[in-house]
Amino acid sequence: MIDPIAAWHAEHQNFSRLLELFDREVNVFHSGDRPDYELLLDIVAYLRHFPDMAHHPREDIAFARIVDRDPSLGPVAARLQQEHRAIAASGARLQELLEFILDDVFAERGQVGTACEAFLTDYRRHLLTEEQVIMPRARELLDAADWQAITQAHAVTPDPLFGDNVEERYRELRRKIMVAAGA
Ligand SMILES: [Fe+2]
Ligand SMILES: [Fe+2]
């Protein structure tokens, strides 16, 4: 069995790589040039797909087990769960905004910049809290039976971008990730 904490961390690293690419395009936006809006949209679409549908629900179950063992982690776990909902909602709004831009529907520039910045900042802070506060405790508090229960409670969904079979929808994003990695 693969180390579940290592697998969890690897998913965070994948999300961080995407946020890095996202950040780069937001810098292009702030420089006054046209960013790669297709790339921004693909990133948000993926983050709404795999993390929102698979990664976060699994974490929610893991958090509950961690808090059972150490109730002092209750407040931080509750905050992270609330952030899962907030990230999903802000991702949905951002996706809509980026689709407007790509469809040539008017979108106010300031609103686009603010939405992108807020999404980046919130997402990164969320990942950092999980990496620094929750994961070290998860390693100490959860055993193989917990991880089995977590996996069974939420079936493992194949990652449509970083997994072995890249979905058609994410082929272009995967290509751009490879190009960025080689650059
Ligand atoms: Fe999370
Ligand atoms: Fe996470």
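Just above, that's the structure.
Colleague: Could you give me a rundown of the coordination of the iron ion (ligand 1), with the residues and numbers involved?
Modeller: For the iron ion (ligand 1), the protein coordination sphere consists of Glu59 (OE), His84 (NE2), His126 (NE2) and Glu130 (OE), at 1.9 to 2.1 Å. Coordination at the iron ion (ligand 1) is irregular, judged from the four donor atoms that bind it and the angles of 85 to 175° they form at the metal. If you list the donors of the iron ion (ligand 1) from N- to C-terminus, the spacing comes out as E-x24-H-x41-H-x3-E. Taken as a pair, the iron ion (ligand 1) and the iron ion (ligand 2) lie 3.2 Å from each other and share Glu59 as a ligand. Taken together, the residues span about one helical turn, with His126 and Glu130 both in helix H4 (residues 109–141) at a distance of four residues. Judged by its relative accessible area of 0%, His126 falls in the buried class. Judged by its relative accessible area of 0%, Glu130 is buried.

Colleague: Summarise the coordination of the iron ion (ligand 2); cite the residues concerned and give the values.
Modeller: Under perfect tetrahedral coordination by four donors, a metal shows angles of 109.5 degrees; under perfect octahedral coordination by six donors, it shows angles of 90 or 180 degrees. In this structure, His12 (NE2), His55 (NE2), Glu59 (OE) and Glu130 (OE) serve as the protein donors to the iron ion (ligand 2), at separations of 1.9 to 2.2 Å. One can describe the site at the iron ion (ligand 2) as irregular: its four donor atoms subtend angles covering 79 to 169° at the metal. In the primary sequence, the donor residues of the iron ion (ligand 2) line up as H-x42-H-x3-E-x70-E.

Colleague: Which residues make up the environment of Ala86, and what values go with them?
Modeller: The topology assignment puts Ala86 in helix H3 (residues 74–102). Taking the C-alpha atoms as reference points, Ala86 and Glu20, separated by 66 residues in sequence, lie 20 Å from one another.

Colleague: Break down the packing of H3 against H4 for me, citing the residues and quoting the values.
Modeller: Between two packed helices, both the angle of their axes relative to each other and the distance between the axes serve to describe the pair. As a packed pair, H3 and H4 sit with axes 10 Å apart at the nearest point and diverge in direction by 150°. Taken together, the axis directions place H3 and H4 in an arrangement best described as roughly antiparallel. Handedness of the H3/H4 crossing: left-handed. Of the residues in H4, those in contact with Val76, Arg79, Leu80, Glu83, His84, Ile87, Ser90, Gly91, Leu94, Leu97 and Ile101 of H3 are Gln111, Val112, Ala115, Cys116, Phe119, Tyr123, Arg125, His126, Thr129, Glu130, Val133 and Ile134. Partitioning the contact of H3 with H4 into residue classes produces 13 nonpolar, six polar and four charged.

Colleague: Which residues make up the environment of Leu94, and what values do they have?
Modeller: Tracing the chain through its elements places Leu94 in helix H3. Classification of Leu94 as buried rests on a relative accessible area of 1%. Sequence-wise, Leu94 and Ala115 are 21 residues apart; in three dimensions their C-alpha atoms are separated by 6.3 Å. The residues touching Leu94, leaving out its near neighbours within four places in the chain, are Phe22, Val44, Ala115, Cys116 and Phe119.

Colleague: Tell me what's going on with the nonpolar core, and back it up with residues and numbers.
Modeller: Leu18, Phe22, Tyr46, Leu47 and Leu173 are the most contacted members of the largest nonpolar core, which totals 37 residues. Counting residues per element, the ones that place at least two in this core are helix H1 (4–31), helix H2 (37–69), H3, H4 and helix H6 (171–182). If you tally residues by element for this core, the top one is H2, at eleven residues. Once residues within four sequence positions are removed from consideration, Phe22 is found in contact with Leu40, Ile43, Val44, Leu94, Cys116, Phe119 and Leu120. By size, the runner-up hydrophobic cluster in this structure holds 16 residues, among which are Trp8, Ala62, Val76 and Leu141.

Colleague: Lay out a negative patch on the surface with the relevant residues and their values.
Modeller: Together, Glu96, Glu99, Asp103 and Asp104 make up a region of like negative charge exposed at the surface. Relative to the helices and strands, Asp104 resides in the loop between H3 and H4.

Colleague: Please provide a residue-by-residue account of H4, values included.
Modeller: Between the first and last C-alpha of H4 there are 46 Å, a value that for 33 residues agrees with the 48 Å anticipated at 1.5 Å per step. Most pronounced at Ile134, the bend in H4 amounts to some 45°, and the proline Pro136 follows within four residues.

Analysis parameters
- Residues numbered from 1 in each chain as written.
- Chains lettered and ligands numbered in written order.
- Predicted model: local features only at pLDDT ≥ 70, side-chain atom pairs only at ≥ 80, totals over all residues.
- Heavy atoms only, no water.
- Donors = N, O, S within 2.8 Å, 3.2 Å for Na, K, Ca; no water.
- Tetrahedral: all angles 85-135°; square planar, octahedral: opposite > 155°, others 65-115°.
- Helix = DSSP H or I, 4+ residues; strand = E, 2+ residues; numbered from the N terminus.
- Buried < 20%, exposed > 50% of the residue type's maximum accessible area, 1.4 Å probe, protein only.
- Axes fitted to C-alpha atoms, helices over the stretch in contact; angles between N-to-C directions.
- Parallel < 35°, antiparallel > 145°, perpendicular 65-115°, else oblique.
- Left-handed = near helix turned anticlockwise from the far one by under 90°.
- Contact = heavy atoms within 4.5 Å.
- Nonpolar A, V, L, I, M, F, W, Y, C, P; charged D, E, K, R; others polar.
- Core = buried A, V, L, I, M, F, W, Y, C linked by side-chain atoms within 4.5 Å.
- Patch = residues over 30% accessible without salt bridge, like charges linked within 9 Å, V, L, I, M, F, W, Y side chains within 5 Å.
- Areas by Shrake-Rupley, 256 points an atom, 1.4 Å probe, with all protein chains shown as cover.
- Salt bridge = Lys/Arg side-chain N within 4 Å of Asp/Glu carboxyl O.
- Lys, Arg positive; Asp, Glu negative; His and termini not counted.
- Charge placed at Lys NZ, Arg CZ, Asp CG, Glu CD.
- Expected span 1.5 Å × (residues − 1).
- Bend = angle between axes of the 7 residues up to and from the residue.

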